[in-house]
Structures are given as C-alpha cells and as structure tokens.
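Analysis of the macromolecular model
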Amino acid sequence: MSKHILPHHLRSQAVALAHDVLMVPIAWLLAYWLRYNLEVVPAAYYEDALVGLLFVLPIQLTAFLLFGLYRGIWRFASLPDIVRILKAVAVGTVVSVALLFIFTRAGGVPRSVPVIHAILLVMLLSGPRLIYRLLKDHRLDLSPGQRVLIVGSGKAGEIHGIPVSGTCDDIPRLCEDLAIDIVMLAIPSASSRQMRRVVELCERADIPFRSVPQLNDLISGNVQINNLRTVSIEDLLGRDPVSLDWDSIDSALSGKVVLVTGAGGSIGSELCRQLAKIKPARLVLLEISEFNLYTIEMELLSAFPDLSLECHLGDIIDQPLVENLFARTRPEVVFHAAAYKHVPMLEHQLRQAVRNNILGTQILAQTADRFKCGVFVLVSTDKAVNPANVMGACKRGAEIYCQNLDAHSDTRFITVRFGNVLGSAGSVIPLFRKQIEAGGPVTVTDPRMERYFMTIPEACQLIMQTVVLGKGGEIFVLDMGDPIKISYLAEQMIHLSGRTPGTDILIEYIGLRPGEKLYEELFHEKEQLHKTDHAKVFLAHHRQVDWSRLLDNLEKMKEACDNHETGKLNSLLDKLVPEHAELEKRANSTHEATA
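Summary of the structure given here. (Residues numbered from 1 in each chain as written. Predicted model: local features only at pLDDT ≥ 70, side-chain atom pairs only at ≥ 80, totals over all residues. Heavy atoms only, no water.)

1. Here's the deal with unusual backbone geometry
The omega torsion of the bond from Gly-440 to Pro-441 falls at 0 degrees, within 30 degrees of zero and hence cis. Here Pro-441 lies in the loop between α16 (428-437) and β11 (442-444). Even without being glycine, His-564 reaches a positive phi, approximately 55 degrees. In this structure, His-564 sits in the loop between α19 (547-562) and α20 (566-576). (Helix = DSSP H or I, 4+ residues; strand = E, 2+ residues; numbered from the N terminus.)

2. Describing the pattern of salt bridges
All told, the structure shown has 12 salt bridges when counted by the stated rule. Among the ionic pairs, Lys-383 bridges to Asp-382, the shortest N-O distance being 3.9 Å. For the pair Lys-383 and Asp-382, one class covers both residues: buried. (Salt bridge = Lys/Arg side-chain N within 4 Å of Asp/Glu carboxyl O. Buried < 20%, exposed > 50% of the residue type's maximum accessible area, 1.4 Å probe, protein only.)

3. Quick look at the packing of aromatic side chains
Summed over the entire model, instances satisfying the criterion amount to 3 aromatic pairs. Pairing Phe-326 with Phe-371 gives two aromatic rings, centres 6.1 Å apart and planes at 35 degrees, and the pair type is tilted. Within this pair, whereas Phe-326 is found in helix α12 (residues 319-329), its partner Phe-371 is found in the loop between α14 (350-370) and β8 (375-381), the two being separated by 45 residues in sequence. Relative accessible area serves as the criterion here: at 0%, Phe-326 is assigned to the buried category. (Phe/Tyr/Trp six-rings, centres within 6.5 Å; stacked < 30°, edge-to-face > 60°.)

4. Side note on the packing of α14 against helix α15 (residues 390-405)
In contact at an axis separation of 9 Å, α14 and α15 are set at 15 degrees when each is read in the N-to-C sense. Our classification of the angle between α14 and α15 gives roughly parallel. Crossing handedness for the pair α14 and α15: right-handed. Where α14 approaches α15, its residues Leu-350, Ala-353, Val-354, Asn-357, Ile-358, Thr-361, Gln-362, Ala-365 and Gln-366 are matched on the opposing element by Val-390, Met-391, Cys-394, Lys-395, Gly-397, Ala-398, Tyr-401, Cys-402 and Leu-405. Split into classes, the residues belonging to the contact of α14 with α15 amount to 12 nonpolar, 5 polar and 1 charged. (Axes fitted to C-alpha atoms, helices over the stretch in contact; angles between N-to-C directions. Parallel < 35°, antiparallel > 145°, perpendicular 65-115°, else oblique. Left-handed = near helix turned anticlockwise from the far one by under 90°. Contact = heavy atoms within 4.5 Å. Nonpolar A, V, L, I, M, F, W, Y, C, P; charged D, E, K, R; others polar.)

5. Considering the sheet that holds strand β2 (residues 182-185)
Spatial strand order, β1-β2-β3: 3 strands in an open sheet with parallel pairing. Of all strands in the sheet, those bounded by a partner on one side alone are β1 (148-151) and β3 (209-211). Averaged over neighbouring strand pairs, the angle between their axes works out to 25 degrees when direction is ignored. For β1 and β2, the ladder comprises 4 bridges, and the chain directions are parallel. By the bridge assignment, Leu-149 is partnered in β2 with Val-183. (Pairing = 2+ DSSP bridges.)

6. Things to note about empty space enclosed by the protein
Enumeration over the complete set of coordinates arrives at 2 cavities of 30 Å³ or more. Here the second largest cavity is characterised by a volume of approximately 40 Å³. At the level of secondary structure, the elements contributing two or more residues to the lining of the second largest cavity comprise α3 (79-104) and α4 (112-137). Per element, the largest residue contribution to the lining of the second largest cavity is 4 residues, and it comes from α3. When grouped by side-chain class, the residues that make up the lining of the second largest cavity number 5 nonpolar, 3 polar and no charged. (1 Å grid on protein atoms, 1.4 Å probe; cavity = no way out; pocket = protein on both sides within 12 Å on 5 of 7 lines; lining within 4 Å. Points joined across faces, edges and corners; volume = space filled by probe spheres on them.)

7. Looking at the environment of Ile-475
Looking at the element boundaries, Ile-475 is found in strand β14 (residues 475-478). For the pair Ile-475 and Cys-402, spaced 73 residues apart in the sequence, the C-alpha separation amounts to 10.0 Å.

And the structure:
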C-alpha cells in the first residue's frame, strides 16, 4: 500500500483508537466519583487518581492493541469483539493494580475503584460499538411485509435465529415453496463467476433480486452493508480485486514528472486519477478534445488541490507542439493513451487512423527519446493481434515501432496490451444501456461473438505496474480472465433493467460490422508468453524487424498521408503488418467464394 494512500478502514481504526484512549480516563475518574457516592472526590484522593491514571492509561492501551481491538470495523461489531474487550480490560486492570501496588503501595487507590473502573470501561468501549452497528442496521431498503430470501450465510447475510434453508442450487425451489418476494444477495466477496451463477438461478426463479455492496466498497467505507442496490453488469463481468505492489509503483512514479496523452479519454482520465494519488512532481495532460480536457482538469483540481497539474490542448501529430511540450515540461514518464479506436468507423478512415495511431505515436516516441525520457508506456489493444481491421493494424504498427525503437534508445519503451474495458467511451455497454432505455432493440452483431472485459481502474493500475516490471522492449499482456459472449451481455443487461429479453426488449442480430472478428486474441502465436512477478501480467516477446526498412516504410506512410494516397497507404500498412494483409486476403477470397 502506498504511503500516500490511507484507506478509509485505517482512518476508522484511528478514530476507534482515539475513542478508546478517551474512555480510559473517563471510566477511571467516574469510578472514583461512584466510589464516593456521586459526591466531590476529596482533594488528596483526586491527586492519587491522577497519579494512578499515569499507570492505567498506557497499560490499558497496550492491552487493547495486544488483544486486537482494532482488527475489525465498528460497522461489524459483534460478540467476538465484546469478548476481546473483556479480555483486554481484565488483563489491563490486573497489571495496573499490580504495578500501582509495587510503585505506589496502592495506598491512595480504594480497592473498589479498579473493579468499578473495569465495569465502566467495558460498557464505554462496547456500548458505542453496538449502538453504531444498530443504527447502521436498523433499516434495509425493503418494502414492509415482503418475504425475503437471503443468499449468503456469512457476516453480510447474518440474521440471528433464522435457519439456513439450502444451497444456492435450491434458490428456484425455495422461492416457490416459501412464496419469496425478493432475493437479497448477501455475498459481497463473491467473484463475478459466482455472481453470474447466482443471478442465473434467480432469473430462473423469476424473482427480483438486490445485492449488498461489494467487499471492496465496504472495506473502503464508500457504502454501508444496508445500502441494497440492483446488481450491475460490472458485478457479472468484473473480476477479483487486483493486488498491486504499491510501494514499487510509488517509488517508480512518485516525485516524477509524468505525461499522459489522451488524458481526457476513458483510460487516460483514469490513469490521471490513479497517478494523482501517488503524488507526482508534476502531472502533465495532453488532450485533443477541449471538453474532455476541461472535465478532467476540474475533477483533478477538486479532488487533489495540492496536485501540480498542467493541461495542454493539442494533437500528438502536431510535431512542433509535442517538441515544445517536452522541452518545457521534461517528462520522465510518458503514458501514451491517445488513439483513435472505433473499429467500424476507422475502416473507412485509413488516413486518419494511420496518421494518428502510427505516425502520432512515432512523433511522441521519437521526442521522448530525444529528451531522454526514462519510460514510455504505449497503451495498446488485443485488436493488434492478427488484426482484422484498420484500427488493430495501426495499433500493431505503433507496437512494432516502439518495441524496435527500444533497442536504439536509452528510454525504456514498454507496450501494454489488453481487451475491452467496462463502460469506456464508444464501447458496447453504454450502447446497450442507451438501446434498453429507448425500448430496444438491442443490436448484437453475432450470437457467437466473444470479448474479454476488465474494469477501467483495474486496467490502469496494471498499466502502472508494468512501469516497475518493464526493462524495455516488452509487450505486457494483461490477464483478462474468461471471454464473455456479447449475446449473454445483452441478455443480462436487459434482465438487470427489470425486463425480459425477447419479450419486453428484442435482441436483433445484425451481422459482423466491417473489420470485426468473432473472437479476439491477446497474443500472437509467435509471441512466446511468459509469467512475470505479477500474477495478472504476462510477457510476450516481441518480433524484431529490420530497423532501416521500418523507418523507410514510416517515411513513405507520412508522404502518402500528406498526399491523401489511400491505395498506397493501404499497401504500406499491409507491408508493415503482414498479418493484416493475410487476413484481408482470406476475407476477400471468402467473400468471392460466397458470391
């Protein structure tokens, strides 16, 4: 955990510790007051009480820590917490009395005071904890008189005195036998695969369901356990939380000047949020969209008022702008997330795709090399593997350039490749949401189509992790888990909106769009995949090309772009990325055979 990031549960433990420290002198002085029948304590005994407190307070605090009073959170206070309090108070009292007798002869401490103090302290420590939990648990978001089936018998689903009726497989039967009105999914630690299975069983029973928040949100304190909510598509497609080496990331990025291109996009903006937390010396943003740049600037200034932030409006293909930006800011780390990425649109925008995704990357990478930048991270995509479309071929071209430039530069050039991110701009999930809100139909290209998904924060955190792992020239492939069928995604999003697929909302299969593949791949068969020090990051060895031929090809691409020679540009792209040319030939021959 980075030293700059203090989670909510740690802040809660600090507050609990402060509360308990305060309760010790209160209980001690109250014990004297009760001993003297609620009258004023004689002055001599009051002085003895203060001297005794000098022993009691540190001893009792040590006992609190030894017995683990701060391992849990008040929100979930229960019987084991009370037992720990009893043990800590008992041991603290015995040790305190013993030391008082040895060092003060205990003459000034009435024998009843330690006993009264122990009773009061137990009440003052356990009472607020139980009251806090009671206040948080007193109301759930349910209608009166509803029959509720709780799935999950752990802490989140704990209801004292109610028997466990069966397993998850019994959900449909129990809903029918017990006339259940709503199912509450009290399994915040469940993986997405487990959640998908339970949701499918609830759908089979045709009963509405709600979920308690996920474990990460509970621990962070962002939500409470009684904040019932609808199950989101992210619950079903997200994965287990990522464990990062925050100390290494902090050492690699904290105090550095960091440049993020495409800083207003889905990945770029989240990278900025994550980077701001680890306090770079300066965070420099480059974004072509005025509105996106303004939006992320306002957000960062509001959330991180002490952040040294520079925002620049501009295009990575604008070489004078890029060189001037590097000359003035001298970035030590570059995260290159700027790219055109809409697959069907770019099929008919070859010049713009090549100009931005390949030549823009070349300008940025060359400038990073010239100004002795330490690390350059290219954010790539699974569509660069055996690319069947212009977007993927251009991203593959950018990969080839950066990987091979690494051998000719002191800058470490690293490529990170991953699949779709949940909710990113232009992705399928926002499209499906809009179609469902409009009453349908939800358009799916092919019932067989599959894609990999991960959350935007997870992708960005793993991108930062590669700065620590990479030595230069690598392609890092993020573990994307299991692929998800787009048809399943559409059906689940309709279910989660409270409607029935095929009845309330139609699913229309429209066929593959230009440049789309049924299945995406994360690495090429010639890229040998190896494990790294991080379980969710793999290393794919890149394929070297002739450097002079590569530069010559890129120079000809620039000339073709300047002269708007689309045919020539297409052949140059095929020469740079042979896999794209092969797939094009296959697609054309298949089309001719069908015709």
